[in-house]
Amino acid sequence: MITGKAGGRRHRSIPVTYVAAVLLAACRVHVALRRLEAMTAQEQRRKALTDYRRDHQQLIARATADPTLLPVLDAYEEEELPDDLKRRHLYANELYQHALHGYHVGILTLTELHGHLRYIFQSRSMRAYWEATRHHRASLSEGSDEARLGRVVDALVADLDANDAEREGESWWVVGRPPDGV
């Protein structure tokens, strides 16, 4: 312990070990607060994603229910799609977005997402939707999560197509290899 004289009075200094303990405790509190802030921010992002997803579903539902709104969502490369095909594509988009949302909010692991996508892409209509929206994915940033997941689906669809050609659709549940990480 160090003592000193200041202004005519003797002051006792605080032991170094006490100061170190207080600083360590303050550091731990700081780290805990940062973790809590990060968890709060992550939870807010999940909530925002869920709200955004709900809005998306409502917009699609309105467009499919009202024939006058359906042409607004015709963003496919073909000339003019029949309304029933537009509705199928929109429904396929909803199925795909639903699976992605489950992954983004942590309900599905990447392996579970892959299995779910393998199941829904059994449908020729899902594959037709995927092909019709290829140009949409071409504009995604190469390193974005959505672009990486799109490449996972591209590989899965190619594997499913090859399986259909070789085995006439047998054992589809083992087709494709789950990605290691996206």
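To keep things clear, this report deals only with the structure shown in the data block.

Conventions we followed
- Residues numbered from 1 in each chain as written.
- Predicted model: local features only at pLDDT ≥ 70, side-chain atom pairs only at ≥ 80, totals over all residues.
- Heavy atoms only, no water.
- Patch = residues over 30% accessible without salt bridge, like charges linked within 9 Å, V, L, I, M, F, W, Y side chains within 5 Å.
- Areas by Shrake-Rupley, 256 points an atom, 1.4 Å probe, with all protein chains shown as cover.
- Salt bridge = Lys/Arg side-chain N within 4 Å of Asp/Glu carboxyl O.
- Helix = DSSP H or I, 4+ residues; strand = E, 2+ residues; numbered from the N terminus.
- Buried < 20%, exposed > 50% of the residue type's maximum accessible area, 1.4 Å probe, protein only.
- Axes fitted to C-alpha atoms, helices over the stretch in contact; angles between N-to-C directions.
- Parallel < 35°, antiparallel > 145°, perpendicular 65-115°, else oblique.
- Contact = heavy atoms within 4.5 Å.
- Nonpolar A, V, L, I, M, F, W, Y, C, P; charged D, E, K, R; others polar.
- Phe/Tyr/Trp six-rings, centres within 6.5 Å; stacked < 30°, edge-to-face > 60°.

Side note on a nonpolar patch on the surface
Moving on, step 1. The grouping of Ile14, Tyr18, Val19, Val22 and Leu23 at the surface amounts to a nonpolar patch, some 490 Å² of accessible area in total.
Moving on, step 2. Structurally, leucine 23 is set in helix α1 (residues 16-65).
Moving on, step 3. What makes leucine 23 exposed here is its relative accessible area of 55%.

Thoughts on the packing of α1 against helix α2 (residues 83-104)
Moving on, step 1. Contact pair α1 / α2: the axes reach a minimum separation of 11 Å and the direction vectors enclose 170°. It follows from the interaxial angle that α1 and α2 lie roughly antiparallel. Packed against α1, whose contacting residues are Leu49, Thr50, Arg53, His56, Gln57, Ile60 and Thr64, the element α2 presents Arg87, Leu90, Asn93, Glu94, Gln97, His98, His101 and His104 at the interface.
Moving on, step 2. Taken together, the residues that form the contact of α1 with α2 break down as 3 nonpolar, 9 polar and 3 charged.

Side note on the packing of aromatic side chains
Moving on, step 1. One pass over the full model with this rule turns up 4 aromatic pairs.
Moving on, step 2. When the ring of tyrosine 96 is compared with that of tryptophan 130, the centres are 4.9 Å apart and the planes differ by 65°; the resulting orientation is edge-to-face. A residue pair is termed long-range when its members are at least 10 positions apart, and tyrosine 96 in helix α2 and tryptophan 130 in helix α4 (residues 124-132) qualify at 34 residues.
Moving on, step 3. Since its relative accessible area comes to 3%, tyrosine 96 is described here as buried.
Moving on, step 4. Taking 5.5 Å as the distance between ring centres and 85° as the angle between the ring planes, the aromatic pair formed by phenylalanine 121 and tryptophan 130 counts as edge-to-face. When sorted by exposure, phenylalanine 121 lands in the same class as tryptophan 130, which is buried.
Moving on, step 5. Ring pairs connect the aromatic residues Tyr96, Phe121, Tyr129 and Trp130, which therefore count as one cluster.

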